[in-house]
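Observations on the three-dimensional arrangement
One letter stands for each residue in the lines below.
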Amino acid sequence: MENAGVRSILRNTAYLMLARGVTITARAVYILVIARLLGPELYGLFNYGLSWYLLFLPLTILGIDFVLLRELGRRDANSLHLLGISLPLRTASTVLVAASCLALGWWLETEPLGRTLLFFFSAALVGRGLAAWSEAIFKGREASGFILAQELVFRLLEVSIGLILLAAGFGVEALAAVHAAAWLLQGATGLYLVRRVVQQKLRAEWDLAPMARLLLAGLPFLAVAALLAWLMQGPLVLYRHINGVGAGLGQLALAVQFFTILGGMASSLGLAAVPVLTRSSERQDGKTSLFVRSVLRAGWLMAGTLVIGGLTVGPYVINGIFGPEFSRVQALLPWALLLVGFHFWVTSLRSVLIAHGQFLQLAMAMAVGAGIFTATFVPLVSCCDLKGALFATGLGLLSIFGVQLYLLSKTDSMDLAGSVTAPGAVVLVTISVTYSLDDIHPVLGLTIGLSLLWGLALAIGTVPKPNMFRAIRNRN
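Being a predicted model, the structure only gives us computed values, none of them experimental.

Criteria and thresholds
- Residues numbered from 1 in each chain as written.
- Predicted model: local features only at pLDDT ≥ 70, side-chain atom pairs only at ≥ 80, totals over all residues.
- Heavy atoms only, no water.
- Phe/Tyr/Trp six-rings, centres within 6.5 Å; stacked < 30°, edge-to-face > 60°.
- Helix = DSSP H or I, 4+ residues; strand = E, 2+ residues; numbered from the N terminus.
- Buried < 20%, exposed > 50% of the residue type's maximum accessible area, 1.4 Å probe, protein only.
- Lys NZ or Arg CZ within 6 Å of the ring centre and 35° of its normal.
- 1 Å grid on protein atoms, 1.4 Å probe; cavity = no way out; pocket = protein on both sides within 12 Å on 5 of 7 lines; lining within 4 Å.
- Points joined across faces, edges and corners; volume = space filled by probe spheres on them.
- Nonpolar A, V, L, I, M, F, W, Y, C, P; charged D, E, K, R; others polar.
- Axes fitted to C-alpha atoms, helices over the stretch in contact; angles between N-to-C directions.
- Parallel < 35°, antiparallel > 145°, perpendicular 65-115°, else oblique.
- Left-handed = near helix turned anticlockwise from the far one by under 90°.
- Contact = heavy atoms within 4.5 Å.
- pLDDT = per-residue confidence, 0-100.
- Salt bridge = Lys/Arg side-chain N within 4 Å of Asp/Glu carboxyl O.
- Core = buried A, V, L, I, M, F, W, Y, C linked by side-chain atoms within 4.5 Å.

With the rule as written, the count across this model stands at 15 aromatic pairs. Here Tyr48 and Trp52 contribute two aromatic rings whose centre-to-centre distance is 6.4 Å and whose plane-to-plane angle is 40 degrees, an arrangement assigned as tilted. Here Tyr48 pairs with Trp52, and both are found in helix H1 (residues 3–61), just 4 residues apart, close to one helical turn. Of the residues examined, Tyr48 reaches a relative accessible area of 2% and is grouped as buried. Centroid distance Phe119 to Phe120: 5.4 Å. Interplanar angle 70 degrees. Geometry classified as edge-to-face. Exposure remark for Phe119: the relative accessible area of 46% places this residue in the partly exposed category. Put simply, the rings of Tyr43, Phe258, Phe322 and Phe326 touch in pairs and so form one group of aromatic residues. One Lys or Arg, Arg155, reaches over the ring of Trp183 and ends 4.2 Å from the middle of that ring. When the ring centre of Tyr48 is taken as origin, the NZ or CZ atom of Arg240, which lies over that ring, is 5.5 Å away.

Here is the structure:
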(Lines give C-alpha, C1' and ligand atoms only; values in the text may rest on other atoms or scores of the structure.)
Protein backbone atom coordinates (compact mmCIF):
# COMPACT_ATOMS: atom_id res chain seq x y z
CA MET A 1 0.00 0.00 0.00
CA GLU A 2 1.81 3.12 -1.23
CA ASN A 3 1.96 6.35 0.75
CA ALA A 4 -0.59 7.87 -1.64
CA GLY A 5 -2.94 5.01 -0.88
CA VAL A 6 -2.51 5.48 2.85
CA ARG A 7 -3.14 9.20 2.49
CA SER A 8 -6.26 8.44 0.43
CA ILE A 9 -7.64 6.17 3.15
CA LEU A 10 -6.90 8.73 5.86
CA ARG A 11 -8.29 11.66 3.89
CA ASN A 12 -11.50 9.95 2.80
CA THR A 13 -11.95 8.34 6.20
CA ALA A 14 -11.66 11.80 7.74
CA TYR A 15 -14.34 13.11 5.39
CA LEU A 16 -16.61 10.17 6.13
CA MET A 17 -16.02 10.37 9.86
CA LEU A 18 -16.88 14.07 9.81
CA ALA A 19 -19.96 13.32 7.73
CA ARG A 20 -21.00 10.64 10.20
CA GLY A 21 -20.30 13.13 12.99
CA VAL A 22 -22.80 15.54 11.45
CA THR A 23 -25.30 12.70 11.14
CA ILE A 24 -24.70 11.70 14.76
CA THR A 25 -25.27 15.27 15.91
CA ALA A 26 -28.51 15.49 13.96
CA ARG A 27 -29.80 12.16 15.23
CA ALA A 28 -28.74 13.04 18.79
CA VAL A 29 -30.97 16.10 18.59
CA TYR A 30 -33.83 13.89 17.43
CA ILE A 31 -33.19 11.47 20.29
CA LEU A 32 -33.18 14.24 22.87
CA VAL A 33 -36.14 16.25 21.60
CA ILE A 34 -38.42 13.43 20.48
CA ALA A 35 -37.77 11.19 23.46
CA ARG A 36 -38.44 13.93 26.01
CA LEU A 37 -41.42 15.26 24.06
CA LEU A 38 -43.21 12.01 23.28
CA GLY A 39 -42.21 9.64 26.04
CA PRO A 40 -41.28 5.98 25.57
CA GLU A 41 -44.44 4.76 23.83
CA LEU A 42 -44.67 7.30 20.98
CA TYR A 43 -40.90 7.47 20.70
CA GLY A 44 -40.87 3.71 20.16
CA LEU A 45 -43.53 3.96 17.44
CA PHE A 46 -41.55 6.68 15.63
CA ASN A 47 -38.37 4.60 15.67
CA TYR A 48 -40.25 1.51 14.61
CA GLY A 49 -41.25 3.47 11.48
CA LEU A 50 -37.63 4.38 10.87
CA SER A 51 -36.50 0.78 11.29
CA TRP A 52 -39.26 -0.45 9.01
CA TYR A 53 -38.27 1.70 6.05
CA LEU A 54 -34.53 1.14 6.57
CA LEU A 55 -35.19 -2.59 6.17
CA PHE A 56 -36.19 -1.83 2.57
CA LEU A 57 -33.21 0.40 1.77
CA PRO A 58 -30.94 -2.46 0.57
CA LEU A 59 -33.65 -3.49 -1.89
CA THR A 60 -33.45 -0.06 -3.53
CA ILE A 61 -29.66 -0.37 -3.80
CA LEU A 62 -29.82 -3.90 -5.29
CA GLY A 63 -26.23 -4.51 -4.25
CA ILE A 64 -24.88 -2.59 -7.24
CA ASP A 65 -23.34 0.17 -5.10
CA PHE A 66 -20.77 -2.31 -3.80
CA VAL A 67 -19.98 -3.30 -7.40
CA LEU A 68 -19.55 0.36 -8.32
CA LEU A 69 -17.38 0.95 -5.28
CA ARG A 70 -15.09 -1.91 -6.24
CA GLU A 71 -14.97 -1.19 -9.98
CA LEU A 72 -14.43 2.54 -9.60
CA GLY A 73 -11.47 1.68 -7.40
CA ARG A 74 -9.87 0.07 -10.48
CA ARG A 75 -10.14 3.39 -12.38
CA ASP A 76 -10.55 1.89 -15.84
CA ALA A 77 -12.84 2.89 -18.72
CA ASN A 78 -15.41 0.16 -18.04
CA SER A 79 -16.14 1.55 -14.58
CA LEU A 80 -17.56 4.75 -16.11
CA HIS A 81 -19.86 2.74 -18.37
CA LEU A 82 -21.34 1.14 -15.25
CA LEU A 83 -22.61 4.52 -14.08
CA GLY A 84 -24.82 4.96 -17.13
CA ILE A 85 -26.49 1.57 -16.81
CA SER A 86 -26.79 1.71 -13.00
CA LEU A 87 -28.69 5.03 -12.96
CA PRO A 88 -31.97 3.79 -14.55
CA LEU A 89 -31.79 0.64 -12.43
CA ARG A 90 -31.54 2.72 -9.27
CA THR A 91 -34.36 5.04 -10.32
CA ALA A 92 -36.72 2.15 -11.01
CA SER A 93 -35.79 0.22 -7.89
CA THR A 94 -36.29 3.18 -5.54
CA VAL A 95 -39.78 3.89 -6.81
CA LEU A 96 -40.92 0.26 -6.80
CA VAL A 97 -39.43 -0.60 -3.41
CA ALA A 98 -40.80 2.58 -1.80
CA ALA A 99 -44.27 1.68 -3.04
CA SER A 100 -43.90 -1.83 -1.65
CA CYS A 101 -42.63 -0.48 1.67
CA LEU A 102 -45.70 1.72 2.01
CA ALA A 103 -48.20 -0.93 0.88
CA LEU A 104 -46.90 -3.68 3.15
CA GLY A 105 -46.42 -1.33 6.09
CA TRP A 106 -49.93 0.11 5.67
CA TRP A 107 -51.36 -3.41 5.67
CA LEU A 108 -49.47 -4.54 8.81
CA GLU A 109 -49.73 -1.31 10.82
CA THR A 110 -52.97 -0.65 12.66
CA GLU A 111 -52.04 2.60 14.42
CA PRO A 112 -53.24 5.70 12.46
CA LEU A 113 -50.16 7.64 13.52
CA GLY A 114 -47.96 4.72 12.50
CA ARG A 115 -49.49 4.71 9.03
CA THR A 116 -48.88 8.44 8.63
CA LEU A 117 -45.26 8.02 9.62
CA LEU A 118 -44.82 5.13 7.20
CA PHE A 119 -46.13 7.30 4.36
CA PHE A 120 -43.44 9.94 4.92
CA PHE A 121 -40.71 7.40 5.54
CA SER A 122 -41.56 5.61 2.29
CA ALA A 123 -41.09 8.91 0.47
CA ALA A 124 -37.73 9.33 2.22
CA LEU A 125 -36.76 5.92 0.86
CA VAL A 126 -36.79 7.29 -2.70
CA GLY A 127 -34.39 10.11 -1.88
CA ARG A 128 -32.20 7.89 0.25
CA GLY A 129 -31.83 5.32 -2.49
CA LEU A 130 -30.66 7.96 -4.98
CA ALA A 131 -28.37 9.53 -2.38
CA ALA A 132 -26.76 6.15 -1.70
CA TRP A 133 -25.99 5.76 -5.43
CA SER A 134 -24.16 9.08 -5.59
CA GLU A 135 -22.33 8.37 -2.33
CA ALA A 136 -21.02 5.09 -3.74
CA ILE A 137 -19.56 7.01 -6.67
CA PHE A 138 -17.98 9.60 -4.38
CA LYS A 139 -16.41 6.84 -2.28
CA GLY A 140 -15.27 4.86 -5.31
CA ARG A 141 -13.60 7.91 -6.84
CA GLU A 142 -12.14 8.77 -3.42
CA ALA A 143 -14.03 12.08 -3.39
CA SER A 144 -15.79 11.71 -0.05
CA GLY A 145 -15.62 15.45 0.56
CA PHE A 146 -18.87 15.75 -1.37
CA ILE A 147 -20.51 13.40 1.14
CA LEU A 148 -19.38 15.63 3.97
CA ALA A 149 -20.72 18.75 2.23
CA GLN A 150 -24.12 17.17 1.67
CA GLU A 151 -24.39 15.90 5.21
CA LEU A 152 -23.55 19.34 6.57
CA VAL A 153 -26.23 21.00 4.49
CA PHE A 154 -29.10 18.55 4.61
CA ARG A 155 -28.77 17.08 8.10
CA LEU A 156 -28.41 20.50 9.71
CA LEU A 157 -31.26 21.82 7.58
CA GLU A 158 -33.42 18.88 8.61
CA VAL A 159 -32.76 19.40 12.31
CA SER A 160 -33.24 23.17 12.17
CA ILE A 161 -36.55 23.06 10.33
CA GLY A 162 -37.78 20.17 12.45
CA LEU A 163 -37.07 22.03 15.68
CA ILE A 164 -38.75 25.17 14.37
CA LEU A 165 -41.89 23.19 13.52
CA LEU A 166 -41.86 21.49 16.92
CA ALA A 167 -41.55 24.87 18.63
CA ALA A 168 -44.51 26.09 16.57
CA GLY A 169 -46.68 23.30 17.93
CA PHE A 170 -46.43 20.70 15.19
CA GLY A 171 -46.12 17.03 16.12
CA VAL A 172 -43.98 14.07 15.22
CA GLU A 173 -45.60 13.85 11.79
CA ALA A 174 -43.87 17.13 10.89
CA LEU A 175 -40.50 15.65 11.76
CA ALA A 176 -41.17 12.70 9.47
CA ALA A 177 -42.21 15.04 6.65
CA VAL A 178 -39.05 17.13 7.02
CA HIS A 179 -36.99 13.94 7.11
CA ALA A 180 -38.51 12.85 3.80
CA ALA A 181 -38.04 16.26 2.15
CA ALA A 182 -34.38 16.44 3.22
CA TRP A 183 -33.55 13.07 1.73
CA LEU A 184 -35.39 13.79 -1.52
CA LEU A 185 -33.39 17.01 -1.92
CA GLN A 186 -30.16 15.25 -1.06
CA GLY A 187 -30.83 12.55 -3.64
CA ALA A 188 -31.44 15.15 -6.36
CA THR A 189 -28.34 17.14 -5.37
CA GLY A 190 -26.21 14.00 -5.43
CA LEU A 191 -27.19 13.34 -9.05
CA TYR A 192 -26.00 16.82 -9.96
CA LEU A 193 -22.70 16.54 -8.09
CA VAL A 194 -21.82 13.20 -9.69
CA ARG A 195 -21.21 15.07 -12.95
CA ARG A 196 -18.44 17.05 -11.31
CA VAL A 197 -16.80 13.89 -10.01
CA VAL A 198 -16.85 11.92 -13.28
CA GLN A 199 -16.14 15.13 -15.29
CA GLN A 200 -18.37 14.21 -18.16
CA LYS A 201 -22.04 14.25 -19.05
CA LEU A 202 -23.93 11.48 -17.32
CA ARG A 203 -26.54 9.71 -19.43
CA ALA A 204 -28.85 6.86 -18.56
CA GLU A 205 -28.16 3.80 -20.75
CA TRP A 206 -30.89 1.22 -21.22
CA ASP A 207 -28.63 -1.63 -22.25
CA LEU A 208 -30.38 -4.76 -21.03
CA ALA A 209 -27.53 -7.26 -21.25
CA PRO A 210 -25.06 -5.20 -19.16
CA MET A 211 -27.92 -4.35 -16.78
CA ALA A 212 -28.58 -8.05 -16.24
CA ARG A 213 -24.90 -8.70 -15.61
CA LEU A 214 -24.76 -5.81 -13.14
CA LEU A 215 -27.80 -7.13 -11.29
CA LEU A 216 -26.29 -10.61 -11.17
CA ALA A 217 -23.00 -9.22 -9.85
CA GLY A 218 -24.91 -7.25 -7.23
CA LEU A 219 -26.94 -10.18 -5.88
CA PRO A 220 -24.38 -11.26 -3.26
CA PHE A 221 -24.07 -7.66 -2.08
CA LEU A 222 -27.85 -7.33 -1.98
CA ALA A 223 -28.00 -10.40 0.22
CA VAL A 224 -25.21 -9.04 2.44
CA ALA A 225 -26.83 -5.61 2.84
CA ALA A 226 -30.33 -6.97 3.38
CA LEU A 227 -29.18 -9.46 6.00
CA LEU A 228 -27.11 -6.84 7.84
CA ALA A 229 -30.07 -4.45 7.74
CA TRP A 230 -32.19 -7.18 9.30
CA LEU A 231 -29.67 -7.48 12.13
CA MET A 232 -29.60 -3.72 12.68
CA GLN A 233 -33.30 -2.92 12.29
CA GLY A 234 -34.87 -6.27 13.11
CA PRO A 235 -34.82 -5.89 16.92
CA LEU A 236 -37.36 -3.05 16.89
CA VAL A 237 -39.49 -4.56 14.13
CA LEU A 238 -39.67 -7.96 15.83
CA TYR A 239 -40.20 -6.53 19.29
CA ARG A 240 -43.01 -4.29 17.96
CA HIS A 241 -44.88 -7.24 16.46
CA ILE A 242 -44.25 -9.50 19.46
CA ASN A 243 -45.10 -7.10 22.31
CA GLY A 244 -46.94 -4.31 20.51
CA VAL A 245 -46.53 -0.56 21.01
CA GLY A 246 -45.67 0.20 24.62
CA ALA A 247 -43.08 1.75 26.89
CA GLY A 248 -40.78 -1.24 26.40
CA LEU A 249 -40.52 -0.52 22.68
CA GLY A 250 -39.37 3.02 23.42
CA GLN A 251 -36.80 1.84 25.96
CA LEU A 252 -35.36 -0.63 23.47
CA ALA A 253 -35.46 1.99 20.71
CA LEU A 254 -33.33 4.42 22.70
CA ALA A 255 -30.73 1.74 23.49
CA VAL A 256 -30.64 0.61 19.86
CA GLN A 257 -30.18 4.24 18.76
CA PHE A 258 -26.89 4.43 20.65
CA PHE A 259 -25.76 1.23 18.93
CA THR A 260 -26.78 2.20 15.39
CA ILE A 261 -25.51 5.78 15.55
CA LEU A 262 -22.07 4.93 16.91
CA GLY A 263 -21.86 1.75 14.86
CA GLY A 264 -22.57 3.67 11.66
CA MET A 265 -19.78 6.11 12.44
CA ALA A 266 -17.31 3.34 13.29
CA SER A 267 -18.00 1.52 10.02
CA SER A 268 -16.85 4.52 7.95
CA LEU A 269 -13.24 3.31 8.05
CA GLY A 270 -13.96 0.04 6.29
CA LEU A 271 -16.11 1.64 3.60
CA ALA A 272 -13.55 4.34 2.82
CA ALA A 273 -10.79 1.75 2.51
CA VAL A 274 -12.45 -0.45 -0.16
CA PRO A 275 -10.90 1.19 -3.28
CA VAL A 276 -7.36 1.10 -1.88
CA LEU A 277 -7.80 -2.38 -0.40
CA THR A 278 -8.95 -3.60 -3.81
CA ARG A 279 -5.77 -2.38 -5.46
CA SER A 280 -3.71 -3.83 -2.61
CA SER A 281 -5.42 -7.20 -2.96
CA GLU A 282 -4.68 -7.28 -6.69
CA ARG A 283 -1.00 -6.50 -6.01
CA GLN A 284 -0.94 -9.15 -3.26
CA ASP A 285 1.38 -6.93 -1.24
CA GLY A 286 0.15 -8.21 2.14
CA LYS A 287 -1.17 -4.86 3.33
CA THR A 288 -4.72 -6.19 3.65
CA SER A 289 -3.39 -8.36 6.48
CA LEU A 290 -2.11 -5.24 8.24
CA PHE A 291 -5.57 -3.70 7.88
CA VAL A 292 -7.24 -6.82 9.32
CA ARG A 293 -4.95 -6.89 12.35
CA SER A 294 -5.52 -3.20 12.98
CA VAL A 295 -9.30 -3.63 12.74
CA LEU A 296 -9.32 -6.52 15.22
CA ARG A 297 -7.37 -4.57 17.82
CA ALA A 298 -9.27 -1.32 17.27
CA GLY A 299 -12.59 -3.13 17.68
CA TRP A 300 -11.61 -4.43 21.11
CA LEU A 301 -10.41 -1.02 22.28
CA MET A 302 -13.52 0.66 20.90
CA ALA A 303 -15.87 -1.79 22.63
CA GLY A 304 -13.96 -1.60 25.90
CA THR A 305 -13.91 2.19 25.97
CA LEU A 306 -17.61 2.48 25.22
CA VAL A 307 -18.70 -0.18 27.71
CA ILE A 308 -16.63 1.42 30.48
CA GLY A 309 -18.34 4.72 29.71
CA GLY A 310 -21.74 3.04 29.73
CA LEU A 311 -21.11 1.39 33.09
CA THR A 312 -19.81 4.51 34.85
CA VAL A 313 -21.34 7.73 33.51
CA GLY A 314 -24.04 6.13 31.33
CA PRO A 315 -26.78 5.95 34.01
CA TYR A 316 -26.29 9.60 34.93
CA VAL A 317 -26.40 10.67 31.28
CA ILE A 318 -29.60 8.71 30.63
CA ASN A 319 -31.34 10.00 33.75
CA GLY A 320 -30.14 13.59 33.32
CA ILE A 321 -31.01 13.93 29.64
CA PHE A 322 -33.98 11.66 29.10
CA GLY A 323 -35.51 11.55 32.56
CA PRO A 324 -36.82 8.73 34.76
CA GLU A 325 -39.25 7.53 32.07
CA PHE A 326 -36.28 5.94 30.29
CA SER A 327 -34.67 4.50 33.42
CA ARG A 328 -34.63 0.96 32.02
CA VAL A 329 -32.18 2.08 29.33
CA GLN A 330 -29.47 2.43 31.98
CA ALA A 331 -29.13 -1.35 32.23
CA LEU A 332 -29.32 -1.77 28.44
CA LEU A 333 -26.70 0.85 27.53
CA PRO A 334 -23.47 -1.13 28.21
CA TRP A 335 -24.76 -4.06 26.15
CA ALA A 336 -25.79 -1.76 23.30
CA LEU A 337 -22.37 -0.08 23.33
CA LEU A 338 -20.62 -3.46 23.29
CA LEU A 339 -22.39 -4.18 20.00
CA VAL A 340 -20.65 -1.17 18.42
CA GLY A 341 -17.32 -3.01 18.49
CA PHE A 342 -18.91 -6.14 17.01
CA HIS A 343 -20.49 -4.08 14.23
CA PHE A 344 -17.16 -2.39 13.51
CA TRP A 345 -15.52 -5.80 13.04
CA VAL A 346 -18.26 -7.08 10.76
CA THR A 347 -18.39 -4.04 8.47
CA SER A 348 -14.61 -3.56 8.29
CA LEU A 349 -13.86 -7.22 7.55
CA ARG A 350 -16.66 -7.11 5.00
CA SER A 351 -14.59 -4.54 3.10
CA VAL A 352 -11.57 -6.87 3.03
CA LEU A 353 -13.67 -9.77 1.72
CA ILE A 354 -15.09 -7.45 -0.95
CA ALA A 355 -11.56 -6.41 -1.92
CA HIS A 356 -10.60 -10.10 -2.24
CA GLY A 357 -13.68 -10.77 -4.38
CA GLN A 358 -15.20 -13.26 -1.90
CA PHE A 359 -18.74 -12.10 -2.46
CA LEU A 360 -20.65 -15.36 -2.09
CA GLN A 361 -18.66 -16.31 0.99
CA LEU A 362 -19.52 -12.95 2.55
CA ALA A 363 -23.21 -13.50 1.83
CA MET A 364 -22.94 -16.90 3.49
CA ALA A 365 -21.44 -15.32 6.61
CA MET A 366 -24.25 -12.78 6.79
CA ALA A 367 -26.86 -15.50 6.32
CA VAL A 368 -25.43 -17.45 9.25
CA GLY A 369 -25.57 -14.39 11.52
CA ALA A 370 -29.05 -13.35 10.44
CA GLY A 371 -30.32 -16.88 10.93
CA ILE A 372 -28.91 -17.13 14.46
CA PHE A 373 -30.33 -13.70 15.34
CA THR A 374 -33.79 -14.64 14.09
CA ALA A 375 -33.78 -18.07 15.74
CA THR A 376 -32.69 -16.78 19.15
CA PHE A 377 -34.67 -13.54 19.31
CA VAL A 378 -38.00 -14.83 20.65
CA PRO A 379 -36.46 -17.25 23.23
CA LEU A 380 -34.04 -14.61 24.51
CA VAL A 381 -36.72 -11.90 24.71
CA SER A 382 -38.98 -14.34 26.56
CA CYS A 383 -36.15 -15.09 28.96
CA CYS A 384 -34.43 -11.69 29.34
CA ASP A 385 -36.99 -9.20 27.95
CA LEU A 386 -35.31 -6.08 26.53
CA LYS A 387 -31.77 -7.35 27.12
CA GLY A 388 -32.69 -10.47 25.16
CA ALA A 389 -33.16 -8.38 22.01
CA LEU A 390 -29.60 -7.06 22.36
CA PHE A 391 -28.24 -10.52 23.22
CA ALA A 392 -29.76 -11.95 20.03
CA THR A 393 -28.26 -9.13 17.98
CA GLY A 394 -24.87 -9.71 19.56
CA LEU A 395 -25.00 -13.44 18.82
CA GLY A 396 -25.82 -12.69 15.21
CA LEU A 397 -22.93 -10.23 14.82
CA LEU A 398 -20.44 -12.53 16.55
CA SER A 399 -21.50 -15.41 14.30
CA ILE A 400 -20.78 -13.30 11.22
CA PHE A 401 -17.47 -12.24 12.69
CA GLY A 402 -16.46 -15.85 13.34
CA VAL A 403 -17.20 -16.90 9.77
CA GLN A 404 -15.35 -13.87 8.42
CA LEU A 405 -12.27 -14.73 10.47
CA TYR A 406 -12.36 -18.27 9.11
CA LEU A 407 -12.59 -17.01 5.52
CA LEU A 408 -9.83 -14.44 5.95
CA SER A 409 -7.53 -16.94 7.65
CA LYS A 410 -7.06 -18.49 4.20
CA THR A 411 -5.83 -15.25 2.61
CA ASP A 412 -4.48 -12.99 5.35
CA SER A 413 -2.12 -13.24 8.30
CA MET A 414 -4.14 -12.12 11.32
CA ASP A 415 -2.05 -12.93 14.43
CA LEU A 416 -5.09 -14.09 16.41
CA ALA A 417 -3.16 -14.26 19.66
CA GLY A 418 -2.00 -10.65 19.45
CA SER A 419 -5.05 -9.21 17.71
CA VAL A 420 -7.96 -11.14 19.28
CA THR A 421 -7.05 -13.18 22.35
CA ALA A 422 -4.72 -10.79 24.20
CA PRO A 423 -6.70 -7.55 23.67
CA GLY A 424 -9.92 -9.43 24.37
CA ALA A 425 -8.57 -10.59 27.72
CA VAL A 426 -7.51 -7.03 28.56
CA VAL A 427 -10.96 -5.68 27.75
CA LEU A 428 -12.77 -8.36 29.77
CA VAL A 429 -10.54 -7.81 32.80
CA THR A 430 -10.92 -4.04 32.59
CA ILE A 431 -14.70 -4.21 32.28
CA SER A 432 -14.88 -6.55 35.26
CA VAL A 433 -12.78 -4.18 37.36
CA THR A 434 -14.88 -1.20 36.27
CA TYR A 435 -18.10 -3.03 37.10
CA SER A 436 -16.80 -3.68 40.62
CA LEU A 437 -16.28 0.07 41.15
CA ASP A 438 -20.00 0.68 41.40
CA ASP A 439 -19.82 2.55 44.72
CA ILE A 440 -17.31 5.24 43.72
CA HIS A 441 -17.94 8.49 41.83
CA PRO A 442 -18.75 7.80 38.15
CA VAL A 443 -16.06 10.16 36.81
CA LEU A 444 -13.46 8.49 39.02
CA GLY A 445 -14.65 5.07 37.88
CA LEU A 446 -14.45 6.19 34.25
CA THR A 447 -10.92 7.50 34.76
CA ILE A 448 -9.72 4.33 36.47
CA GLY A 449 -11.35 2.08 33.89
CA LEU A 450 -10.00 3.90 30.85
CA SER A 451 -6.54 4.28 32.37
CA LEU A 452 -6.38 0.56 33.10
CA LEU A 453 -7.67 -0.38 29.65
CA TRP A 454 -5.31 1.78 27.64
CA GLY A 455 -2.38 1.18 29.99
CA LEU A 456 -2.66 -2.60 29.62
CA ALA A 457 -3.26 -2.27 25.87
CA LEU A 458 -0.06 -0.26 25.58
CA ALA A 459 1.84 -2.74 27.75
CA ILE A 460 0.95 -5.79 25.63
CA GLY A 461 1.41 -3.97 22.31
CA THR A 462 -2.24 -3.66 21.27
CA VAL A 463 -1.58 0.06 21.05
CA PRO A 464 1.76 0.66 19.27
CA LYS A 465 4.45 2.46 21.25
CA PRO A 466 5.82 5.74 19.86
CA ASN A 467 8.95 4.05 18.49
CA MET A 468 6.69 1.64 16.60
CA PHE A 469 4.91 4.59 14.96
CA ARG A 470 8.27 5.95 13.84
CA ALA A 471 9.31 2.58 12.42
CA ILE A 472 6.09 2.32 10.43
CA ARG A 473 6.52 5.86 9.10
CA ASN A 474 10.15 5.21 8.09
CA ARG A 475 9.23 1.95 6.42
CA ASN A 476 6.55 3.70 4.32
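Once that is clear, we can look at the layout of surface pockets. Where empty space is left can be seen by rolling a probe of water-molecule size over the atoms. Its volume calculated, the second largest pocket comes out at about 330 Å³. What lines the second largest pocket is a set of 14 residues, and nearest its centre among them are Val307, Pro334, Trp335, Leu338 and Ile431. In terms of residue class, the lining of the second largest pocket is made up of 12 nonpolar, 1 polar and 1 charged.

Glancing now at the packing of helix H7 (residues 208–243) against helix H14 (residues 386–408). Here H7 crosses H14 at 165 degrees, and the two axes come no closer than 10 Å. Relative to H14, H7 is oriented roughly antiparallel. When the axes of H7 and H14 are compared, the crossing they make is right-handed. Contact with H7, carried on its side by Leu228, Leu231, Pro235 and Tyr239, involves Leu386, Thr393, Gly396, Leu397 and Ile400 of H14 and no other residues of that element.

Residues of the protein with pLDDT of at least 70 account for 84%, and the chain-wide mean is 82. For the protein, helix H17 (residues 466–475) is the element with the lowest average pLDDT, namely 46, and H14 is the one with the highest, namely 94. Low pLDDT, under 50, characterises residues 468–476; the stretch is placed with 2 contacts to residues that sit more than four places away or in other chains.

Turning our eyes to something else, we now look at the pattern of salt bridges. Going through the model one piece at a time under the given rule, you end up with 5 salt bridges. Residue Arg155 pairs with Glu158 through a salt bridge whose shortest N-O separation is 3.1 Å. Of this pair, Arg155 and Glu158 are both found in helix H5 (residues 145–167), 3 residues apart, which corresponds to roughly one turn of the helix. Note on Arg155: relative accessible area 3%, which makes it buried. For Asp385, the salt bridge identified is with Arg328, shortest N-O distance 2.6 Å. On the criterion of sequence distance, the pair formed by Asp385 in the loop between helix H13 (359–384) and H14 and Arg328 in the loop between helix H11 (314–322) and helix H12 (329–355) is long-range, its members being 57 residues apart. Judged by its relative accessible area of 30%, Asp385 falls in the partly exposed class. Residues joined in a network through salt bridges with shared partners are Glu151, Arg155 and Glu158.

This next bit is on the nonpolar core. Formed by 128 residues in total, the largest nonpolar core has its most connected members in Tyr53 and Leu296. Apart from the residues lying within four places of it in its own chain, the contact partners of Leu296 are Trp345, Leu349, Phe401, Leu405, Met414, Ser419 and Val420.

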